Amino acid sequence: MADMLTIALSKGRILEQTLPLLAHANLTPIEDVQTTRKLMVNGPVVDGTQVRFLIIRAADVCTYVEQGAADMGISGRDLLLEHKPHVYEPLDLKIGCCRVCVCGPKALVEQGKPKAGSRICVATKYDRLAEEYYLSQGIQAEIIHLYGGMELAPLVGMAERIVDIVETGSTLRANGLVEETTLYDISSRLIVNPASAATKRSLIKPIIEQLREAVQRRENA
Amino acid sequence: MSVLKPILGLEDAFGEQASHLRALQFQLFEIYNKAGFSEVIPPLVERPQSLVSGAGRFLSDQTLVFSDPADAGQLAIRPDITPQVARIAATRMQSSDALKLYYSGQVMLARPDARSGSRQQWQTGVEYLGVSGEAGDVEVMHLAGLSMQAAGFSSPVLQVGHMGLISALTEGSETTLETWVKTLSRRSPEDMLNQLANEDLPQVNKDALMALAAGQGDDVWLAEIANQINDDFATAAQELLQLVQTVESRLVGEVTIQIEVAVVPRFLYHSGMVFSGFADGSSRALLHGGRYDEMMKAHGRAMPATGFSFDLWAWL
């Protein structure tokens, strides 16, 4: 049996929704991961294998799992679509639900979508998704990469559209922006390193099934 | 003097790294020689059509092509040596019915690997041609296990699937096999569900594809479903179950064998059994292999062929 099973978790709001699912699979961290400043926290011992959790930024989870520093992790579908890491995505945890949307200033969006052959500036942290979408529409998009606060870009005239996560739409409204198109529905996925899936199969498979059951149970509640 | 910039995705090996690479290479050659295999050394470049025979655009997408002033034609830097071995076996070694060959050389990919950023591999591999069925497959899987052990990988695992199962499950679909394989490689039930939404396949096939995407395609699952899809599926399932039973009994203590029907080949020229090798402490597949009888047909010599290969750089 393997010595260690490492699970990478995202810091923040998703973590709160993740913990009950982990508890159902008897994978409760021994410390309160929402308050500790530790980045690595032990969990239970399962079949002689020590489980440990890495508490890291959401954007880094797929990197840790792809590189094999973590065997499994929980990552948003937006990041998986954008970065296309070589990981398995066996389970939709149905938490952290939101959408990746194209948005723009109300007046511009009301004029209709940009025409094929036109050229626009788009601010986003999802460079690949934005580029793929506009290429498919025949529109030449200049992608301006930002790390946050996309809504500001159209307000200062830096971009005509943004491609960003929308959950309730309140930030958009507060900044005079509206949704134009939904590109993807997003939720958090359980991801697994392919090599770990093979070498730690007898440990990982039951965990996936228990988490699947927990998701199902919560959906039915 | 100005220093030239390095080339994207290419690097030099020297000192300890070079000596380790050679030491491991010679250690592996000894294993292959002992098993009765002999070395074949193909050239660095080929005619593009020779590289893509039977492999379609899976290789052409990764092939650097250039004009050759001496030959007044196009040449390609090999992205994979297996098609070269297939060409040599089909055209230069016709006097032998069974060929046991190995090779080790540099290949270059047109695009950097998404993860390592590298475009070069020191592809090393074994090809066993002219022997159909289990005998050839067991021998190459045995050598795959020995190779991983020689390189110091602990607890090696071979996950074995069969392209015939994927083809049988998607029979009648207008979606290309490449697309199905890509979806399966992500093991994402949600993505599979989206793809199945527009497919006119029998429900039992759709359920099976969903199970594969959820990572449930093990030996127990396969034995249960073997006779529920169609004749082609039943034949491939029987072949795989039988092969794994034989391999398990022959390679006890050497390597762990797992049936994983969703295991997919690195390049899509494989048409029968396929396998990938993993080991503790390595974060990605260490080797890929399988049966590629169809590619031999495309080279004009219909003969069974099976083998595996890996990147020696990545094994250091």
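The structure presented is a predicted model; accordingly, all values stated were derived computationally and were not measured.

1. Section: the overall build of chain B
Line of reasoning, step 1. Helix and strand content of chain B: 13 helices and eleven strands.
Line of reasoning, step 2. Taking 2.2 N^0.38 as the reference for a compact globule, 316 residues should give roughly 20 Å; the C-alpha atoms of chain B span a radius of gyration of 20 Å, in line with that estimate.
Line of reasoning, step 3. Taking all 316 residues of chain B together, the buried fraction comes to 54%.
Line of reasoning, step 4. If you take every contact in chain B between residues at least 6 apart in sequence, the share linking residues at least 24 apart comes to 70%.
Line of reasoning, step 5. If you sum the accessible surface of chain B, you get close to 13,800 Å²; carbon and sulfur atoms cover 51% of it.
Line of reasoning, step 6. Of note, chain B has its 22 positive side-chain charges centred 8 Å away from the centre of its 37 negative side-chain charges.

2. Description of the overall build of chain A
Line of reasoning, step 1. The helix and strand inventory of chain A stands at nine helices and eleven strands.
Line of reasoning, step 2. Dimensions of chain A along its principal axes, counting C-alpha atoms only, are 60 × 35 × 30 Å.
Line of reasoning, step 3. Here chain A holds 221 residues, and 52% of them are scored as buried.
Line of reasoning, step 4. Long-range contacts, defined as pairs at least 24 residues apart, comprise 69% of the intrachain contacts of chain A with a sequence gap of at least 6.
Line of reasoning, step 5. Averaging the locations of the 25 positively and 27 negatively charged side chains of chain A gives two centres separated by 1 Å.

3. Considerations on the side chain of Asp311 of chain B
Residues and elements named next belong to chain B.
Line of reasoning, step 1. On the secondary structure map, Asp311 appears in strand E11 (residues 305-311).
Line of reasoning, step 2. Engagement of the side chain of Asp311 in a polar contact is seen with the backbone nitrogen of Trp122, the distance being 2.8 Å.
Line of reasoning, step 3. Excluding residues within four positions of it along the chain, Asp311 makes contact with Gln120, Gln121 and Trp122.

4. Observations concerning the packing of aromatic side chains
Residue and element names in this part refer to chain B.
Line of reasoning, step 1. Applying the stated criterion across every chain, the model contains eleven aromatic pairs over all chains.
Line of reasoning, step 2. Ring plane angle 55° and centroid distance 5.5 Å describe the contact between Tyr32 and Tyr102, whose orientation is recorded as tilted. Here Tyr32, found in helix H1 (residues 15-34), pairs with Tyr102, found in strand E5 (residues 99-108); they are 70 residues apart in sequence, far enough to count as distant. Here Tyr32 and Tyr102 have matching classes, each one buried.
Line of reasoning, step 3. Here Phe153 and Trp315 contribute two aromatic rings whose centre-to-centre distance is 5.3 Å and whose plane-to-plane angle is 85°, an arrangement assigned as edge-to-face. One end of the pair, Phe153, is in the loop between helix H5 (134-150) and strand E7 (157-162); the other, Trp315, is in helix H13 (residues 312-315), with 162 residues separating them in the sequence. The exposure classification of Phe153 matches that of Trp315, with both residues buried.

5. Brief notes about the nonpolar core
All names here are of chain B.
Line of reasoning, step 1. Met141, Phe233, Phe275 and Phe308 are the most contacted members of the largest nonpolar core, which has 68 residues in total.
Line of reasoning, step 2. Among the elements that line this core, the one with the most residues is helix H11 (residues 231-250), at seven residues.
Line of reasoning, step 3. Leave out the neighbours within four places in its chain, and Met141 touches Leu158, Val160, Leu243, Val247, Leu251, Ile257, Met273 and Phe275.

6. Comments concerning the packing of helix H7 (residues 177-186) of chain B against helix H8 (residues 189-196) of chain B
Two measures define how a pair of helices packs: the angle their axes make with one another and the distance between the axes.
Residue and element names in this part refer to chain B.
Line of reasoning, step 1. Running from N to C, H7 and H8 point in directions that differ by 155°, and their axes come no closer than 8 Å. Viewed along their axes, H7 and H8 adopt a mutual orientation that is roughly antiparallel. Handedness of the H7/H8 crossing: left-handed. Counted together, Thr179, Trp180, Thr183, Leu184 and Arg186 of H7 and Asp191, Met192, Gln195 and Leu196 of H8 form the full contact between these two elements.
Line of reasoning, step 2. Grouping the amino acids of the contact of H7 with H8 by side-chain chemistry returns four nonpolar, three polar and two charged.

7. Describing H5 of chain B
All names here are of chain B.
Line of reasoning, step 1. Taking 1.5 Å as the rise per residue, H5 with 17 residues should run 24 Å; its terminal C-alpha atoms sit 24 Å apart, in good agreement.
Line of reasoning, step 2. Buried residues of H5: Gly136, Asp137, Val138, Val140, Met141, Leu143, Ala144, Gly145, Ser147 and Met148, and no others.
Line of reasoning, step 3. Phi turns positive, to about 90°, at Gly152, one or two residues after H5.

8. Considerations on the interface of chain B and chain A
Line of reasoning, step 1. Across the boundary between the two partners, chain B contributes 25 residues, which contact 22 residues of chain A.
Line of reasoning, step 2. The closest approach of N and O atoms between Glu260 of chain B and Arg201 of chain A, which form a salt bridge, is 3.4 Å.
Line of reasoning, step 3. Where chain B packs against chain A, one counts eleven residue pairs in polar contact (both at pLDDT 80 or more).
Line of reasoning, step 4. The dominant element in the side of chain B that touches chain A, judged by the number of residues it contributes, is H8 of chain B, at four residues.

9. Some points on a nonpolar patch on the surface
Residues and elements named next belong to chain A.
Line of reasoning, step 1. A cluster of nonpolar side chains, namely Leu152, Leu155, Val156 and Met158, defines an oily patch on the protein surface of about 370 Å² accessible area.
Line of reasoning, step 2. Along the chain, Met158 turns up in the loop between helix H6 (152-155) and strand E9 (161-166).
Line of reasoning, step 3. Residue Met158 is classed as partly exposed on the basis of its relative accessible area, which comes to 35%.

10. As for helix H9 (residues 201-220) of chain A
Residue and element names in this part refer to chain A.
Line of reasoning, step 1. In a regular helix each residue adds 1.5 Å, so 20 residues correspond to 28 Å; H9 covers 28 Å between its end C-alpha atoms and thus fits that length.
Line of reasoning, step 2. Every buried residue belonging to H9 is among Arg201, Leu203, Ile204, Ile207, Ile208, Leu211, Arg212, Ala214 and Val215, and all of these are buried. Angular distribution of buried residues about the axis of H9 spans 160°; they occupy a single face of the element. Along H9, exposed side chains directed more than 90 degrees from the buried face belong to Ser202, Arg217 and Asn220.

11. Re the sheet that holds strand E10 (residues 287-291) of chain B
All names here are of chain B.
Line of reasoning, step 1. The strand order across the open sheet formed by eight strands is E1-E5-E6-E11-E10-E9-E7-E8, and the pairing between neighbours is mixed. In this open sheet, the two edge strands, each paired with only one partner strand, are strand E1 (38-39) and strand E8 (256-259).
Line of reasoning, step 2. Sheet topology note: the E7/strand E9 (residues 273-278) ladder contains six bridges and is antiparallel. For Gly161, the partnering residue across the bridge sits in E9 and is Val274.
Line of reasoning, step 3. Packed onto the sheet, H5 meets E5, strand E6 (120-129), E7, E8, E9, E10 and E11 and runs at close to 15° relative to E11.

Conventions we followed
- Residues numbered from 1 in each chain as written.
- Chains lettered and ligands numbered in written order.
- Predicted model: local features only at pLDDT ≥ 70, side-chain atom pairs only at ≥ 80, totals over all residues.
- Heavy atoms only, no water.
- Helix = DSSP H or I, 4+ residues; strand = E, 2+ residues; numbered from the N terminus.
- Rg over C-alpha atoms; globule rule 2.2 N^0.38 Å.
- Buried < 20%, exposed > 50% of the residue type's maximum accessible area, 1.4 Å probe, protein only.
- Contact = heavy atoms within 4.5 Å.
- Areas by Shrake-Rupley, 256 points an atom, 1.4 Å probe, with all protein chains shown as cover.
- Lys, Arg positive; Asp, Glu negative; His and termini not counted.
- Charge placed at Lys NZ, Arg CZ, Asp CG, Glu CD.
- Polar contact = N/O pair within 3.5 Å; in protein donor to acceptor, adjacent residues only side chain to side chain.
- Phe/Tyr/Trp six-rings, centres within 6.5 Å; stacked < 30°, edge-to-face > 60°.
- Core = buried A, V, L, I, M, F, W, Y, C linked by side-chain atoms within 4.5 Å.
- Axes fitted to C-alpha atoms, helices over the stretch in contact; angles between N-to-C directions.
- Parallel < 35°, antiparallel > 145°, perpendicular 65-115°, else oblique.
- Left-handed = near helix turned anticlockwise from the far one by under 90°.
- Nonpolar A, V, L, I, M, F, W, Y, C, P; charged D, E, K, R; others polar.
- Expected span 1.5 Å × (residues − 1).
- Salt bridge = Lys/Arg side-chain N within 4 Å of Asp/Glu carboxyl O.
- Patch = residues over 30% accessible without salt bridge, like charges linked within 9 Å, V, L, I, M, F, W, Y side chains within 5 Å.
- Arc of directions from axis to C-beta.
- Pairing = 2+ DSSP bridges.

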